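# Residue-level structure breakdown
Each chain, letter by letter, is given below.
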Amino acid sequence: MLSMTGYGRGEYKDGGVELCVEVKTVNNRYLDVAVRAPRIFIAFEDVIRSAVREKLTRGHADVFVSFSDKRRKERTIYLDEGAAQAYAEAARKIHSLFPDAENDFSVTNILRFPDVISQDEVSSADEECLNALKTALSSALDNLNAMRSAEGEKLEKDMLSRVDVIDGDVKEIEKRAPAVVENYKSKLDAKIKKILESTEIDEARILTEVALFADKSNIDEEITRLHSHISQFKEICKEKLVGRKLDFLVQEFNRETNTICSKSNDTAITKIALAMKNEIEKIREQVQNVE
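Not measured: the values here are computed from a predicted model. (Residues numbered from 1 in each chain as written. Predicted model: local features only at pLDDT ≥ 70, side-chain atom pairs only at ≥ 80, totals over all residues. Heavy atoms only, no water.)

### With respect to the overall build of the chain
Secondary structure assignment for the chain yields 8 helices and 6 strands. Reading the secondary structure of the chain in the N-to-C direction produces β-β-β-α-β-β-α-α-β-α-α-α-α-α. For the chain, the residues scored as buried account for 35% of the 291 residues in total. At a minimum sequence separation of 6, the contacts of the chain that also span at least 24 residues come to 79%. Carbon and sulfur atoms form 50% of the exposed surface of the chain, whose accessible area is close to 17800 Å². (Helix = DSSP H or I, 4+ residues; strand = E, 2+ residues; numbered from the N terminus. Buried < 20%, exposed > 50% of the residue type's maximum accessible area, 1.4 Å probe, protein only. Contact = heavy atoms within 4.5 Å. Areas by Shrake-Rupley, 256 points an atom, 1.4 Å probe, with all protein chains shown as cover.)

See the structure below:
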């Protein structure tokens, strides 16, 4: 079982190339990958996304890439002559407006103006940079999954402990259920005797009413299905990717418990069922964190 929440970091340092990849994941119904990387890697975003998809199936993943290239490389300097001429013309015009002002305009000043000089470094990552990216990303994802696995073990332990509580509650309801009909018959007998007093009671009619009540309040099917759901929950937890299955199963837990609450006609059973709903809701919240 894997948690959808985690963090992993991977680094690469060799031959002047330094690259760090950080991956942070949070809950999300589907897999969503956001990449924040230097422009040099813009052509390789699909490579990053594909690597993430191989390791994740659900959740929102933020991938951060930081990069430094200290290798000695040839650089080409570009001069924007139009921009330089525009700055020079503007300087001359300003001087004509303010002839008393000191004119410190120089070639060095022009070089400092924006867009006059530009450098053309590597326009896209070379093979060494791409190898550094893949190495650091793979390490980050492995570290991420190690953290998600550790967190998943804690989630599994918590959910299974709550399922054990639900299992005990279901057995308590199962034990209590047969007494509900008997209690109803006793109360019905006492109520009719009090109303009719000396009049003879039609036992057949009472048995008919009790039979109708027993049919309406019967929760045997719900109890059987809950036992099955509990068994399935424990088996599913042994798998690696369980989020969607458990999400559906928890809905079924809730459905059966709601039916028991509506059919039981017994305060004690209703109280137990409400306690079960509380545990089911806590499990549902945890399932939202599971891949």
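Right, picking up where we left off after that structure.
### Things to note about the confidence of the model for the chain
Scored by pLDDT, the chain has a mean of 81; 81% of the residues are at 70 or more. Considering each helix and strand of the chain separately, the mean pLDDT is smallest for helix 5 (residues 203-217), with a value of 56, and largest for strand 3 (residues 31-36), with 92. (pLDDT = per-residue confidence, 0-100.)

### Points about the environment of Cys129
Along the chain, Cys129 turns up in helix 4 (residues 127-196). Note: C-alpha distance between Cys129 and Ser68 (61 residues apart in sequence) is 9.8 Å.

### Section: the packing of helix 7 (residues 243-263) against helix 8 (residues 267-287)
Packed helix pairs are characterised by how far apart their axes lie and by the angle those axes make with each other. Relative orientation of the contacting elements helix 7 and helix 8 amounts to 165°, with a least axis distance of 9 Å. Comparing their axes, helix 8 and helix 7 come out roughly antiparallel. The two elements helix 7 and helix 8 meet at a crossing, and its hand is left-handed. The residues of helix 8 that touch helix 7, namely those facing Gly243, Leu246, Asp247, Val250, Phe253, Asn254, Thr257, Asn258, Ile260 and Cys261, are Ile269, Thr270, Ala273, Leu274, Met276, Lys277, Ile280, Ile283, Arg284 and Val287. (Axes fitted to C-alpha atoms, helices over the stretch in contact; angles between N-to-C directions. Parallel < 35°, antiparallel > 145°, perpendicular 65-115°, else oblique. Left-handed = near helix turned anticlockwise from the far one by under 90°.)

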